[in-house]
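Summary of the model geometry
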Amino acid sequence: MGGFLFTHKQIMTNESPPTLETARAVTLRTCEEQLAWIPKLVPTYKRAFAGEPWFEVSRCPACDSFTRLSPGDRCPTCRTKLVEAYSNQEVSEMLSAIFQNRRATLYVETDARGNVLVAAIAYTWTKALIYEKKYRVKGRDSDELRRVLAEKVPEQFTWIDEIFADRALRESGNLREFERIIKDMLRGKKSGTIVFRTISPQLKEKAKRVFPQTEIYDVPDPKVPPGVSSLVIIRIT
């Protein structure tokens, strides 16, 4: 899991989509408050990653790879029956572990009915952990990744682990509060540096437009094809 996306998956509804003006935003910093949001975050997370650009709709338990096919279909590689990409329990446990162990900051935007439109999760991290947990794959490495981590990333920084939106509920404007998200994530932190990885061109463009000092480096991500993923670094002074 992990990544940055805004899904194009549509859900049929008789209700009008919420406008930017009706959205409500809150930033939560205590574990108790964050845990209470998990039931609402889970369906948004799953819908987001099922859409563009990830299309993680189903997973092959044999190949351990994601596909855009429906659960119950056969894996195109090994013909094993596909299962749901992420179960409710799996996502819930993942979020719970972050909130309980990482001293995370959670940003949430909701519509007037309380549905989650956008969510972002960040916490303080180190270079050693970003390499070990997000990039290191046995037998694969990158000179460019090592160079960027050594020269451009401070020893301690704020890592945005997730940022996701449900475009079925609000098709556009999901990055409208990007500046607030970044500044809220940094509030109270010793480091003024935000780091995240993304395959979303829109997110990279937004970061560069809002924070012109943004640095973007194309480094390999073992989960996606070469040349797709970028490491984004924003320094706030």
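Being a predicted model, the structure only gives us computed values, none of them experimental. (Residues numbered from 1 in each chain as written. Predicted model: local features only at pLDDT ≥ 70, side-chain atom pairs only at ≥ 80, totals over all residues. Heavy atoms only, no water.)

Regarding its fold elements, the protein chain presents six helices and 11 strands. Contacts in the protein chain between residues far apart in sequence, at least 24 positions, make up 71% of those at least 6 positions apart. (Helix = DSSP H or I, 4+ residues; strand = E, 2+ residues; numbered from the N terminus. Contact = heavy atoms within 4.5 Å.)

Structurally, Glu109 can be placed in strand 6 (residues 105–110). Look at Glu109 and you get buried, because its relative accessible area is 4%. Here Arg170 takes part through its side chain, which lies 2.8 Å from a polar atom of the side chain of Glu109. Setting aside its immediate chain neighbours within four residues, Glu109 contacts Ala23, Arg24, Ala25, Asn115, Val116, Leu117, Val118, Arg170 and Glu177. (Buried < 20%, exposed > 50% of the residue type's maximum accessible area, 1.4 Å probe, protein only. Polar contact = N/O pair within 3.5 Å; in protein donor to acceptor, adjacent residues only side chain to side chain.)

Strand order in the open sheet made by the three strands is 4-3-5, with antiparallel pairing throughout. In the strand order of this sheet, the two ends are held by strand 4 (65–67) and strand 5 (83–84), each with one partner. (Pairing = 2+ DSSP bridges.)

What follows concerns the pairing of strand 9 (residues 193–198). Counting buried positions over the six residues of strand 9 gives six, a clear majority of the element. Neither face of strand 9 is exposed, since Thr193, Val195 and Arg197 on one face and Ile194, Phe196 and Thr198 on the opposite face are all buried. One ladder, built from two bridges, connects strand 8 (residues 156–165) with strand 9; its direction is parallel. Bridge pairing in strand 9 places Trp159 opposite Val195. You can see the chain leave strand 8, run along helix 5 (residues 178–186) and come back into strand 9, and the turn it takes is right-handed. With six bridges joining them, strand 9 and strand 11 (residues 230–235) adopt antiparallel strand pairing. (Right-handed = clockwise from strand over helix to strand, strands pointing away.)

What follows concerns unusual backbone geometry. Notably, Asp64 is not glycine yet its phi reads approximately 55°, a positive angle. Take Asp64: its relative accessible area is 57%, and that puts it in the exposed class. The backbone of Arg103 sits at a positive phi, close to 50°, despite the residue not being glycine. In this fold, Arg103 is placed in the loop between helix 2 (88–101) and strand 6.

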